[in-house]
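Fold and geometry: a report
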Amino acid sequence: MQYRQLGRTGYTVSEIGFGAWGVGGAMWQGGEDAASLSALATAFDLGVTFVDSALAYGDGHSERLVARAVARRGERIVIATKIPPDNRIWPAPVGVPLARTFPADSVRRCAETSAANLGRPVDLLQFHVWRDEWLRDDEWKKVERALASLITEGTVRHVGISVNDHDPDSAIEAVRHCDLVSCVQVIYNIFDRTPERNLLPACVERGVGVIARVPFDEGGLTGAIRPGVTFPPGDWRHRYFQGERPAEVAARV
């Protein structure tokens, strides 16, 4: 395993992290908590020291499961999580005000809930969607004050952004001008390298960390998505890989 500093956080973490959406259940069907805990333990055994979760992953179940796995370890594991948009719309559409997506009171409530689920301060609290237009919204000043209070109180240690799907430029302004942002998380894999154009250079210039998400293209690059593959109706992949999509993904891979 190789390690590097995670942006402005000062944390040294493994270059490979554990994405904990699947272990939250709900939107990913077929998993069991025992298998999830075993997978987390194996990752830690192999040197992984970074886990990315979210309050929306199983309504906190992912966070609580990660907390159980981390409690059994002696090494320092950095845990990132995310605040869900108040309107529950992913990704964030243009023109929707911040007060309907991340009102200050919701940011505080979600941060405190995540910290309680983890049983410790949140190492990296991320907005689960983002639009740069919010930096000019009157609500942003209230959100900034809420985050500053959460950091002062010790509930949260650092703040980041999970960038809108396939829209890396939607966070360029935050990277360039918002000192509060320590890291951004962005879709980046062999099929979508658009962050290389503008976002990654801006992050290098400003010392902002980058978490590459969806590195296996939602499972496509593992070879597991083939013609005829099916998922249960309650699984989000039932919609994502419907129709001719599995065959198209397999051919492209």
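Our subject is the structure that appears above.
1. Overview of the nonpolar core
Counting residues in each nonpolar core, the largest one holds 54 residues, and the members touching the most others are F127, W130, I161 and V184. The greatest single-element share of this core, amounting to 6 residues, is contributed by helix α4 (residues 104-118). In contact with V184, not counting residues within four places along its chain, are I161, V163, V175, L199, C203, V208, G209, V210 and I211. In terms of nonpolar packing, the next biggest core, distinct from the first, is built from 9 residues, V13, A80, L124 and C183 among them.

2. Examining the pairing of strand β6 (residues 124-127)
Both faces of β6 are covered, namely the face carrying L124 and Q126 and the face carrying L125 and F127. Of the pairings in the sheet, the one linking strand β5 (residues 78-83) to β6 comprises 4 bridges and is parallel in character. By the bridge assignment for β6, A80 is matched with L124. Note that β6 and strand β7 (residues 159-162) share 3 bridges and pair parallel.

3. What about the packing of α4 against helix α5 (residues 138-153)?
In a packed pair of helices, the relevant descriptors are the angle between the two axes and the axis-to-axis distance. Interaxial distance between α4 and α5 falls to 8 Å at its minimum, and their mutual angle equals 25 degrees. Here α4 is positioned roughly parallel relative to α5, judged by the angle of their axes. Where α4 crosses over α5, the two elements pack in a sense that is right-handed. Seen from α4, the contacting residues are A104, V107, R108, A111 and E112; seen from α5, they are E139, K142, V143, A146, L147, S149, L150 and E153. The residue inventory of the contact of α4 with α5, partitioned by class, reads 7 nonpolar, 1 polar and 5 charged.

4. Focus on the sheet that holds strand β3 (residues 18-19)
An order of β3-β4-β5-β6-β7-β8-β9 is seen for the 7 strands of this open sheet, with the pairing classed as parallel. Pairing within the sheet leaves two strands with one partner each, and these edge strands are β3 and β9 (209-213). Where β3 lies against strand β4 (residues 50-52), 2 bridges are found, and the strand directions are parallel. Note that in β4 the partner of F18 across the bridge is V51. Against the sheet, α4 contacts β5 and β6, and its axis sits at roughly 145 degrees relative to β5.

Quick notes on the rules
- Residues numbered from 1 in each chain as written.
- Predicted model: local features only at pLDDT ≥ 70, side-chain atom pairs only at ≥ 80, totals over all residues.
- Heavy atoms only, no water.
- Core = buried A, V, L, I, M, F, W, Y, C linked by side-chain atoms within 4.5 Å.
- Buried < 20%, exposed > 50% of the residue type's maximum accessible area, 1.4 Å probe, protein only.
- Helix = DSSP H or I, 4+ residues; strand = E, 2+ residues; numbered from the N terminus.
- Contact = heavy atoms within 4.5 Å.
- Pairing = 2+ DSSP bridges.
- Axes fitted to C-alpha atoms, helices over the stretch in contact; angles between N-to-C directions.
- Parallel < 35°, antiparallel > 145°, perpendicular 65-115°, else oblique.
- Left-handed = near helix turned anticlockwise from the far one by under 90°.
- Nonpolar A, V, L, I, M, F, W, Y, C, P; charged D, E, K, R; others polar.

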